[in-house]
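Next come the chains, spelled out residue by residue.
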Amino acid sequence: MSRLEDALAAGRFAVTAELLTVDAGGLDAVQERFAPYADYVDATNATDNTSAHAHASPLAVAIALKQLGMEPVMQLTCRDRNRIALEAEIAGAALHGIENICCLTGDDVTAGDEPEARRVFDLDSIQLLALGVAMANGTYLSGRKIDPAPHLFLGAVENAGAPPFDYRVDRALKKVRAGARFLQLQVGFRPEQTEAFMREAVDKGLAAECALIPSICLVRSPGALRFIDANVPGIEVPVAIIERCERAADPEAECFEVACELAEHARSLPGVAGLHLISFRREAGIARLCQRLGIPTRETRADSRPVAV
Amino acid sequence: MIELVEAAVKKPIFGCHMCGQCVLHSTGLTCPMECPKTLRNGPCGGVRPDGHCEVKPEMRCVWVKAVERSRRLPWAHELHDIRPPVDNQLEGTSSWVNLYTGRDKQTPKGWHVEA
């Protein structure tokens, strides 16, 4: 059982982070990215060509994380691989003892710097989850056996901040039926949307069946907020937040304040099982945010169960 | 022959892509193959705040329409069905024939999810 699965199964508040993309620099480059927050997180996401920009592959980065003592969550998107390649990635991950797999549809190729690429989408994220379950049960999609069957802890992402808003919890429930045990929610800058999603998630039993983990994004400047608003599909940053950070005497500190407020709010919502923290070149900020919110280190959390932070 | 008739009827009305395994019935009579990502189980996370497509900003998201329209149908609950992966071997064949023969319901042996 993975560390993340163990924490969530025990009802402990979980913290995950997203590793900044890696292009070069060997294991040192991976190490330096997670070192500042290593003590606080249960696992770190190895992303899959975020916003359709090529980087070191999620499997390679997940293996590197594991070698360096950090538990990986391997993201896998449907954009770049057909079902055979997806199966190969999952089998390859399992071969290296990587259990946490987060199944996503993926941003379109047009979001990236090679928009002329062919998009694949042979499966969608729900079908990918079901494929993961099939493999955990010991077969490929064809029915061909995998022996021994790998242990997998499968999850996905849901975006509470994108239309159709009144269908997002139903879609998340579909993901649970397909096999998702955790959902990392897409970054949202509108707390009222996260709140509405969580309320419906509790009412419809989603929160009871699956660990819901809202994401918080730490940036260094209001410019980065504008960039996210304009360039990252599915994330809208309200102008009021950007202007508040621009007007502040110390814009960087104000951006951190915004993240702390969003994190505090998300954590207070019934049904929230943890937080997923994403920093854009602000790795030390993740540890600071945990300290600010009074979230103890991973070991302290594990020692004093059950912890309600 | 029947493929031509089906295409002639369904292309102008639904933008049919002749996937050969029609699911219009359960998607609010909105063809999911019109989605640039050909998603058959709901909208991606990239839908724009105005309900338009991440890939084609001028187009309303296929799934925003599908959710709206399916709610007006007596069989609205079918929207929540989990649809299996597309069988790419059926592309260009008639879904009417495949429905009649049951070919469109065949899933890979390892597919275990109940709709």
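Refer to the structure presented above.
Residues numbered from 1 in each chain as written. Chains lettered and ligands numbered in written order. Predicted model: local features only at pLDDT ≥ 70, side-chain atom pairs only at ≥ 80, totals over all residues.

## Things to note about the overall build of chain A
- Within chain A, the secondary structure is distributed over 13 helices and nine strands.
- Computed over the C-alpha atoms, the radius of gyration of chain A is 18 Å, within 12% of the 19 Å expected from 2.2 N^0.38 for a compact globule of 309 residues.
- Principal-axis analysis of the C-alpha atoms gives chain A an extent of 60 × 50 × 45 Å.
- Here chain A, with 309 residues, has 53% of them falling under the buried criterion.
- Here the contacts in chain A between residues at least 6 apart in sequence split such that 78% fall between residues at least 24 apart. (Helix = DSSP H or I, 4+ residues; strand = E, 2+ residues; numbered from the N terminus. Rg over C-alpha atoms; globule rule 2.2 N^0.38 Å. Buried ≥ 20, exposed ≤ 12 C-beta atoms within 10 Å, placed from the backbone. Contact = placed C-beta atoms within 7 Å.)

## Describing the sheet that holds strand β3 (residues 72-77) of chain A
Residue and element names in this part refer to chain A.
- One open sheet holds the nine strands; their spatial order is β7-β6-β5-β4-β3-β2-β1-β9-β8, and the pairing between them is parallel. The sheet is open, and its two edges are formed by β7 (211-213) and β8 (215-218), each paired on a single side. Taking the axes of each pair of neighbouring strands and ignoring which way they run, one obtains an average angle of 25 degrees across the sheet.
- Pairing analysis gives four bridges linking strand β5 (residues 153-158) to strand β6 (residues 182-185), with the strands arranged parallel. (Pairing = 2+ DSSP bridges. Axes fitted to C-alpha atoms, helices over the stretch in contact; angles between N-to-C directions.)

## Overview of the packing of helix α5 (residues 125-136) of chain A against helix α6 (residues 168-178) of chain A
Residue and element names in this part refer to chain A.
- It is the contact of α5 with α6, at a shortest axis distance of 8 Å, that shows an interaxial angle of 20 degrees. Judged by the inter-axis angle, α5 sits roughly parallel to α6. Between α5 and α6 lies a crossing of right-handed hand. Where α5 approaches α6, its residues Ile-126, Leu-129 and Ala-130 are matched on the opposing element by Lys-174, Lys-175 and Ala-178.
- The residue inventory of the contact of α5 with α6, partitioned by class, reads four nonpolar, no polar and two charged. (Parallel < 35°, antiparallel > 145°, perpendicular 65-115°, else oblique. Left-handed = near helix turned anticlockwise from the far one by under 90°. Nonpolar A, V, L, I, M, F, W, Y, C, P; charged D, E, K, R; others polar.)

## With respect to helix α7 (residues 191-203) of chain A
All names here are of chain A.
- Between the first and last C-alpha of α7 there are 18 Å, a value that for 13 residues agrees with the 18 Å anticipated at 1.5 Å per step.
- Those residues of α7 that are buried lie in contact with α6, α8 (206-209), β7 and α11 (251-268).
- Backbone geometry just after α7 places Gly-205 at a positive phi near 85 degrees. (Expected span 1.5 Å × (residues − 1).)

## Let's talk about unusual backbone geometry
- In this structure, the amide linkage connecting Asp-147 of chain A to the following residue, Pro-148 of chain A, adopts the cis form with an omega of 0 degrees.
- In this structure, Pro-164 of chain A follows Pro-163 of chain A across a cis peptide bond, with omega equal to -10 degrees.
- Structurally, Pro-164 of chain A is set in the loop between β5 and α6.
- Positive phi, normally seen in glycine, also occurs at Thr-38 of chain B, with a value near 45 degrees.
- Relative to the helices and strands, Thr-38 of chain B resides in the loop between α1 (2-14) and α2 (62-70).

## So, helix α4 (residues 83-95) of chain A
- Counted at 1.5 Å a residue, the expected span for α4 of chain A with its 13 residues is 18 Å, and the 18 Å between its end C-alpha atoms agrees.
- Against α3 (58-67), β3, β4 (100-104) and α5 of chain A lie the buried residues of α4 of chain A.

## What about the environment of Gly-223 of chain A?
- Here Gly-223 of chain A shows up in helix α9 (residues 222-231).
- Along the chain, Gly-223 of chain A and Asn-82 of chain A lie 141 residues apart, while their C-alpha atoms are 36 Å from each other.

## Some remarks on the pairing of β4 of chain A
Residue and element names in this part refer to chain A.
- The buried count for β4 comes to five of five residues, which makes it a mostly enclosed element.
- Side chains Asn-100, Cys-102 and Leu-104 of β4 all project onto a buried face; the interleaved residues Ile-101 and Cys-103 project onto the opposite face, where all are buried too.
- Pairing analysis gives five bridges linking β3 to β4, with the strands arranged parallel. Opposite Met-74, over in β4, you have Ile-101 as the bridge partner.
- The parallel pair β3 and β4 is bridged by α4, and the resulting crossover is right-handed.
- In the classification by handedness, the crossover that spans β4, the intervening α5 and the parallel β5 is right-handed. (Right-handed = clockwise from strand over helix to strand, strands pointing away.)

## What about the environment of Glu-71 of chain A?
All names here are of chain A.
- Mapped onto the elements of the fold, Glu-71 is located in the loop between α3 and β3.
- Sequence separation between Glu-71 and Leu-4 is 67 residues, and the spatial gap between their C-alpha atoms is 8.1 Å.
- Not counting residues within four places of it along the chain, the set of residues in contact with Glu-71 comprises Ser-2, Arg-3, Leu-4, Asp-42 and Ala-43.

## As for the interface of chain A and chain B
- Tallying the contact residues gives 34 residues for chain A and 29 residues for chain B.
- Where the side of chain A that touches chain B is concerned, the elements lending two or more residues are α5 and α6 of chain A.
- Residue composition of the side of chain A that touches chain B, by class: 15 nonpolar, nine polar and ten charged.

## A few points about the nonpolar core
- Counting residues in hydrophobic clusters, the biggest one holds 98 residues, and the most contacted among them are Met-74, Leu-183, Leu-212, Ile-216, Leu-218 and Ala-259 of chain A.
- If you tally residues by element for this core, the top one is α5 of chain A, at eight residues.
- Not counting the four nearest positions on each side in its chain, Met-74 of chain A is found in contact with Ala-46, Pro-58, Leu-59, Ala-62, Ala-93, Ile-98, Asn-100, Ile-101 and Cys-102 of chain A.
- By size, the runner-up hydrophobic cluster in this structure holds 15 residues, among which are Val-47, Cys-53, Cys-61 and Ala-66 of chain B. (Core = buried A, V, L, I, M, F, W, Y, C linked by C-beta atoms within 7 Å.)

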